[in-house]
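Listed here are the chains, written in short residue letters.
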Amino acid sequence: MLKVLSSLHVRGRLHSLPGKRRASIVNVGEGRSPLPRFLRSLTNQQGRSPVFWRKAFFCSESGDGSEPPPDAKAAEEVEAIASIDAEGGAFEEAESNKSSAIVSMNPRPEGYMSVVALPLPHRPLFPGFYMPVYVKNPKLLAALEENLKRSVAYAGAFLLKENPESDSSSGSESDKSVYDLKGKELFKRLHEVGTLAQITSINGDQVVLIGHRRLRITEMVDEDPLTVKVDHLKEKSYDKDDDVIKATAFEVISTLRDVLRTNTLWKDHVQIYTQHIGDFNYPRLADFGAAISGANKLLCQQVLEELDVYKRLKLTLELVKKEVEISKIQESIAKAIEEKVSGEQRRYLLNEQLKAIKKELGMEADDKTALTAKFRERLEPNKDKCPQHVLQVIEEELTKLQFLEASSSEFNVTRNYLDWLTSLPWGNYSAENFDVHHAQKILDEDHYGLSDVKERILEFIAVGKLRGISQGKIICLSGPPGVGKTSIGRSIARALNRKFYRFSVGGLADVAEIKGHRRTYIGAMPGKMVQCLKNVGTANPLVLIDEIDKLGKGHAGDPASALLELLDPEQNINFLDHYLDVPIDLSKVLFVCTANVIEMIPNPLLDRMESIALAGYITDEKMHIARDYLEKTTREACGIKPEQVEVTDAALLSLIENYCREAGVRNLQKHIEKIYRKIALQLVRRGVTNQDSSQKEDSQESSSMSKVSAEIVGDSQIGKDTNAPTSSVEALKSFTEPNQAESGPSVTENSSSQEVNQGATDAKESVSSKASDKVIIDASNLADFVGKPVFHAERIFDETPIGVVMGLAWTALGGSTLYIETTIVEQGDGKGALHLTGQLGDVMKESAQIAHTVARAILLEKEPENKFFGNSKIHLHVPAGATPKDGPSAGCTMITSMLSLAMNKPVLRDLAMTGEVTLTGRILPIGGVKEKTIAARRSSVKTIIFPSANRRDFDELAANVKEGLEVHFVDNYNQIYELAFASEHDDTK
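Residues numbered from 1 in each chain as written. Predicted model: local features only at pLDDT ≥ 70, side-chain atom pairs only at ≥ 80, totals over all residues. Heavy atoms only, no water.

**Digging into the overall build of the chain**
So the rule is basically this: Numbering of helices and strands runs from the N terminus, with a helix taken as a DSSP run of H or I at least four residues long and a strand as a DSSP run of E at least two residues long. Only protein chains enter the area calculation, which uses a 1.4 Å probe; residues under 20% of their type maximum are buried, those over 50% are exposed, and those in between are partly exposed. Contacts are assigned to residue pairs with any non-hydrogen atoms lying within 4.5 Å of each other.
Scanning the chain for helices and strands turns up 39 helices and 26 strands. Among the 989 residues that make up the chain, the fraction classed as buried is 48%. Within the chain, residue pairs in contact and separated by at least 24 positions form 77% of the contacts whose partners lie at least 6 positions apart.

**Side note on helix H33 (residues 842–862)**
Put simply, the rule is: The span one expects for a helix is its residue count, reduced by one, times 1.5 Å.
Over its 21 residues, H33 runs 30 Å from end to end, which matches the ideal 30 Å to within 8%, given 1.5 Å per residue. Where H33 is concerned, the buried positions are Met844, Ser847, Ala848, Ala851, His852, Val854, Ala855, Ile858 and Leu859.

**Structural notes on unusual backbone geometry**
The phi angle at Asn497 is positive, at roughly 60°, despite the residue not being glycine. Secondary-structure assignment places Asn497 in the loop between helix H20 (485–496) and strand S10 (500–504). In this structure, Asp581 takes a positive phi of about 60° despite not being glycine.

**Considerations on the sheet that holds strand S20 (residues 833–837)**
Whether parallel or antiparallel, the strands of a sheet pair through hydrogen bonds between backbone atoms. In plain terms, the rule: Two strands qualify as a pair provided DSSP detects at least 2 bridges between them. To get an axis, fit a line to the C-alpha atoms, keeping to the stretch in contact for a helix; angles then go from 0 to 180 degrees between the N-to-C directions.
The strand order across the open sheet formed by 7 strands is S20-S21-S19-S18-S22-S25-S26, and the pairing between neighbours is mixed. Looking at the sheet topology across the chains shown, the edges are occupied by S20 and strand S26 (966–970). Pairwise comparison of adjacent strand axes, ignoring direction, gives a mean angle of 30° for this sheet. As defined by bridge partners, strand S25 (residues 943–947) adjoins S26 across 5 bridges and the pair is classed as parallel. In the sheet register, Ile945 faces S26, and the bridge partner there is His968. Against the sheet, helix H35 (residues 891–903) engages strand S18 (804–811), strand S19 (814–827), S20, strand S21 (872–877) and strand S22 (911–913), with an angle of about 35° to S19. Running over the sheet, helix H39 (residues 973–980) touches S22, S25 and S26 and is turned about 150° from S26.

**Notes on the packing of aromatic side chains**
Given two aromatic rings, one states the distance between the centres and the angle between the planes to describe the pair. For clarity, the cut-off: Whether two aromatic rings pair depends on their centres lying within 6.5 Å, for rings of Phe, Tyr and Trp, where Trp uses its six-membered ring; planes under 30 degrees apart make the pair stacked, over 60 edge-to-face, and the rest tilted. Charges are assigned to positions over rings by a cutoff of 6 Å between ring centre and Lys NZ or Arg CZ, combined with an angular limit of 35 degrees from the ring normal.
Counted by the stated rule, this structure contains 7 aromatic pairs. Consider the rings of Tyr501 and Phe503, whose centres lie 6.2 Å apart with planes at 50°: the pair is tilted. Neither Tyr501 nor Phe503 differs from the other in exposure class; each is buried. On the basis of an interplanar angle of 50° and a centroid distance of 5.3 Å, the ring pair of Tyr977 and Phe981 is categorised as tilted. Of the two residues, Tyr977 and Phe981, both sit in the buried class. Every member of this aromatic cluster is reached through a ring pair, and the members are Phe946, Phe954 and Phe969. The ring centre of Tyr417 lies 3.9 Å from the NZ or CZ of Arg519, which sits over that ring. In this structure, Lys534 is placed above the aromatic ring of Trp420, and the distance from its NZ or CZ to the ring centre is 4.2 Å.

**Topic: the pairing of S25**
Counting buried positions along S25 yields 5 of 5 residues, so the element is predominantly enclosed. Across 3 bridges, the pairing between S22 and S25 is parallel. Residue Leu911 lies in a different strand from S25, and its bridge partner there is Thr943.

**Some thoughts on helix H12 (residues 282–292)**
An α-helix turns once per 3.6 residues; consequently, residues spaced three or four apart project the same way. With 11 of 11 residues buried, H12 lies mostly within the body of the structure. For H12, the full list of buried residues reads Tyr282, Pro283, Arg284, Leu285, Ala286, Asp287, Phe288, Gly289, Ala290, Ala291 and Ile292.

**Examining the sheet that holds strand S15 (residues 610–613)**
Sheet architecture is open: 5 strands sit in the order S10-S11-S14-S9-S15, paired in parallel fashion. Lying at the two open borders of the sheet, with one neighbouring strand each, are S10 and S15. The mean inter-strand angle of the sheet, taken between neighbouring strand axes irrespective of direction, is 20°. With 4 bridges joining them, strand S11 (residues 542–546) and strand S14 (residues 590–595) adopt parallel strand pairing. Paired with Val543 across the two strands is Phe591, which belongs to S14. Lying on the sheet, helix H22 (residues 528–536) is in contact with S10, S11 and S14; it crosses S10 at an angle near 150°.

**A closer look at a nonpolar patch on the surface**
Under the convention used in this document: Think of a patch as exposed residues, more than 30% relative accessible area, with no salt bridge, where like charges cluster within 9 Å and nonpolar side chains (Val, Leu, Ile, Met, Phe, Trp, Tyr) cluster within 5 Å. Surface exposure here means Shrake-Rupley accessible area, sampled with a 1.4 Å probe, where a residue is shielded only by the protein chains that are shown. Put simply, a salt bridge is a Lys or Arg side-chain nitrogen that is within 4 Å of an Asp or Glu carboxyl oxygen.
On the surface, a cluster of nonpolar side chains totalling about 360 Å² of accessible area is made up of Ile329, Ile333, Ile337 and Val341. Mapped onto the fold, Val341 is located in helix H14 (residues 309–361).

**Quick look at the environment of Thr369**
Among the structural elements, Thr369 can be located in helix H15 (residues 367–379). Exposure remark for Thr369: the relative accessible area of 38% places this residue in the partly exposed category.

**Here we look at the packing of helix H17 (residues 409–423) against H22**
Filter applied, for reference: Each angle is binned into one of four classes, with values under 35 degrees roughly parallel, values over 145 roughly antiparallel, values of 65 to 115 roughly perpendicular, and all other values oblique. For this classification, the nonpolar set comprises Ala, Val, Leu, Ile, Met, Phe, Trp, Tyr, Cys and Pro, the charged set comprises Asp, Glu, Lys and Arg, and every other residue, Gly included, is treated as polar.
Direction vectors running N to C along H17 and H22 enclose 60°, while the axes themselves pass 9 Å from each other. As judged from the angle between their axes, H17 and H22 are oblique. Facing H17, whose interface residues are Asp419, Trp420 and Ser423, H22 presents Val530, Gln531 and Lys534. Its residues assigned to classes, the contact of H17 with H22 comprises 2 nonpolar, 2 polar and 2 charged.

**Some thoughts on the state of the cysteines**
Between two cysteines, a covalent bond joining their sulfur atoms is known as a disulfide. Threshold: Sulfur atoms of two cysteines make up a disulfide when they are within 2.5 Å.
Within the structure shown, the criterion is met by 0 disulfides. Take Cys476: it sits in no disulfide, and the sulfur closest to it among the cysteines is that of Cys593, at 5.7 Å.

**Let's talk about the environment of Cys300**
Residue placement: Cys300 occurs in helix H13 (residues 297–305). When the C-alpha positions of Cys300 and Thr316 are compared, they lie 8.5 Å apart, and in sequence the two are 16 residues distant. Leaving out residues up to four positions away in the same chain, Cys300 has contacts with Arg123, Pro124, Phe126, Ala290, Ser293 and Ala295.

**Topic: the environment of Ala615**
With respect to the helices and strands, Ala615 occurs in the loop between S15 and helix H25 (619–637). In this structure the C-alpha to C-alpha distance between Ala615 and Val483, which are 132 residues apart in sequence, comes to 8.0 Å. In this structure, Ala615 is in contact with Pro480, Ala663, Lys930 and Glu931, ignoring residues within four places of it in sequence.

**Considerations on the pattern of salt bridges**
One pass over the structure, following the stated rule, counts 26 salt bridges. Among the ionic pairs, Glu235 bridges to Arg312, the shortest N-O distance being 3.3 Å. One end of the pair, Glu235, is in the loop between strand S8 (227–233) and helix H10 (243–262); the other, Arg312, is in helix H14, with 77 residues separating them in the sequence. Under the relative-accessibility criterion, Glu235 is labelled partly exposed at 29%.

**Brief notes about the side chain of Lys485**
Stated formally: Two residue types count as positive, namely Lys and Arg, and two as negative, namely Asp and Glu; His and chain ends fall outside the count. Here a polar contact is taken to be a pair of N or O atoms separated by no more than 3.5 Å, where protein atoms must pair a possible hydrogen donor with a possible acceptor and residues adjacent in sequence count only if both atoms sit in side chains.
By the element assignment, Lys485 lies in helix H20. In this structure Lys485 is buried but unpaired, with Glu547 as the nearest side chain of opposite charge at 6.2 Å. A distance of 3.0 Å separates the side chain of Lys485 from the backbone oxygen of Pro480, its partner in a polar contact. Leave out the neighbours within four places in its chain, and Lys485 touches Leu477, Ser478, Gly479, Pro480, Thr594, Ala595, Asn596 and Leu614.

**Remarks on the confidence of the model for the chain**
Rule in force here: Residue-level confidence of the predictor is what pLDDT reports, using numbers from 0 through 100.
Per-chain confidence: the chain averages 75 in pLDDT, with 75% of residues scoring 70 or above. The low-confidence segment residues 1–106 (pLDDT under 50) makes 207 contacts with residues lying over four places distant or belonging to another chain. Confidence drops under pLDDT 50 across residues 693–771; counting only partners more than four residues distant or on other chains, this segment forms 77 contacts.

**What to know about the pairing of S11**
Burial analysis of S11 places 5 of its 5 residues in the buried class, which makes it a mostly covered element. With burial as the criterion, each face of S11 is covered, one bearing Leu542, Leu544 and Asp546 and the other bearing Val543 and Ile545. Bridging between S10 and S11 involves 5 bridges; their strand directions are parallel. Among the inter-strand pairings, Arg502 is bridged to a residue of S11, identified as Leu544.

Take a look at the structure:
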């Protein structure tokens, strides 16, 4: 590219010369050609003054980042040219003067047949252009300085060829490698055609050159510094009036004009060239276009080597055309960026002006004032109830907000903090309903059974009514999945007229979820409790903390320990959240926690709670829940009317016994939903719609002849269902007896309707064409809706064989029966041993060892002559080997199984037992009395043996749970022995 060299001193020195000489230097060839007049008129239209540009010379940039020579050197150069002109006389002949932009010197440039070679690493030097070059070779630099002193200030400037050994993808060679070239190696790397350059000045290692004419290297004269013989080249003769050349030249000018419109630097180049170097002619026009273009150096070298003027113009035209395209792209990019930036600045200025106008008119306050007013307005309703320390913090933060810049990060932190502080319901309590009868009604509406849970809630309400105020409590509802723990919390909130908020802590591993983050963190938020208070808008909600037994523990702390402050009645009166950093009173909050297994809750946390166990539902309770709650809700959700479907009690009983034996009713609800979805599909396939009555009648009349009979009628006698246990049938007489009376007429009515519609046609055709709108689900067709039964009778044996005893176990899904089987492996003197299988845990393995020892002692006492245990290797197995089992309550069952094998005597029929045994034969209490009782009833057990310590637990059970069971309470195993192997049971309970 080109740079302008200011030369105020040059202008002064030129004015000091005689007028004729000054004109010969400055205005050489002026007015001789139409091209410069055209270009000067073009540049003058851009508003440039030619007088100003007489103050500067220009040169071609070498690409090495060097600066042009200072003004003083430029002035010396012009003075030297003037002095040489005075000594040497005139210019060359007329034609030579027309084609040269440089003043004549003495000796003449064509007289130099041997010159010092200067390598140009970046771009070739064109005649009439300046170029600064760095010379690192000391000998070469010394030779140039010597020539300059002797007024022989000429050298040959030749472009370096690309190094064939270098990687072309890595770009040009480094300057360091170029400076190291010398002698023959440098001679081989030079292009043959170069430029005779006059040395105008030398500053350190920087040499400023100005090009004169083309040269061609013929041979090398000296190696260091490299000196070569040259031939002076001239353009080939051409016809100035040739139309093709003129057209090409004017196309170059037209293209330059397009570039001049977008590139200011090119305008400067044209003015400087025409005013200080000389007129434009065809060869100079070609050199000018190539020199100031940003083309590749090899393309510029082609222009320099071309002596045919027409071909040179064509090459230059290609280069300037590329410049036009580049200029257009540059202009579009600049315009797009400028529009974007100016648009954003304009929008910003308009917004600021709008704010200022509104503020001046009193229409709107600034952001800080508006925020402060909003926070104060939000706090005003609860200001009297708000604690004093909280008001003080709010005032301090509001004051701080006024001194912060709106664009600062601290401003946003303070604004969010005030937003949370003013959003909390300080002292705002909802009015509670202490009506016990109202609460009883709501609890009964939402849940069947659960009398112990309802009683505890009513006690809480009664205490609040007597005191006039309510205090928060922490209740933990524990039980199997699906028994209604979460829904109980919602019902309690409705009964007490409290706001309800639920969050689950299952898998929670971050303390910040409970206690909040520090405000110093990015994206900090308060904990769950503060979020709860903001959402519900009252300070005494009911908060349900779900799955508290599944708390996690990660790198971010222990959430169980963080919950201690939240759930401890002595601490939550001043609960401190890390984000708010002000105490919050949570003493009025009623916390209800849910857990499946309370043993998984940390003891310090469990100690703060009042635990209420939900053991699950027996068959009778499941029947009521399914009939009164689940079926009704599911039918409405599926859009089915009651008269369109009938699910018999036999079907529900079979569903509960054979598909949904778990303690909860969630799986039962899924099966009922599955049944009703299939019923809905059947009704839709028949063309039944539940729209208004008129539309329904029309649709029935139009589709009555195309309907297919799909009436499903099952056996209405539950007693005929062989899969239904006898005890379950007896417990459900109240359900089955009315249904039997209803199902009979249903069949009769359907049969009569078919006979009426039969008419004169065949009976079979009538049955197939008449469709019944009512779908009846019974035990016989239940498998068509829910598939094959999942469970079968828990009793494996009708008659208990020798060595087999039924035990009772507790599981997370409720209670279940557990058989203990013992058999002989081998017998022989001294071969007494015990082998255990069934995936037993450590506690159960120890219980088996204890049972083996106690059984040997009892056998020795009862039958001294029996040496069975000393001479027999026995194998004890607990079926369902894929299920892990553990617990101490199978001890007495194991002893009974071993004694049955040793004495070759089976235990009594329909007997189940449970209890932990010590080495001395004492029976210790067990847990899960209700679950084990329910399991016994499900397996048609008539007699149960419980430890005496569990008598009170059994007495507290509902009457329908204990109905039909004979229970014996024992203190030691001798009592179990008498009961298990007696000929008949006592009548005492």
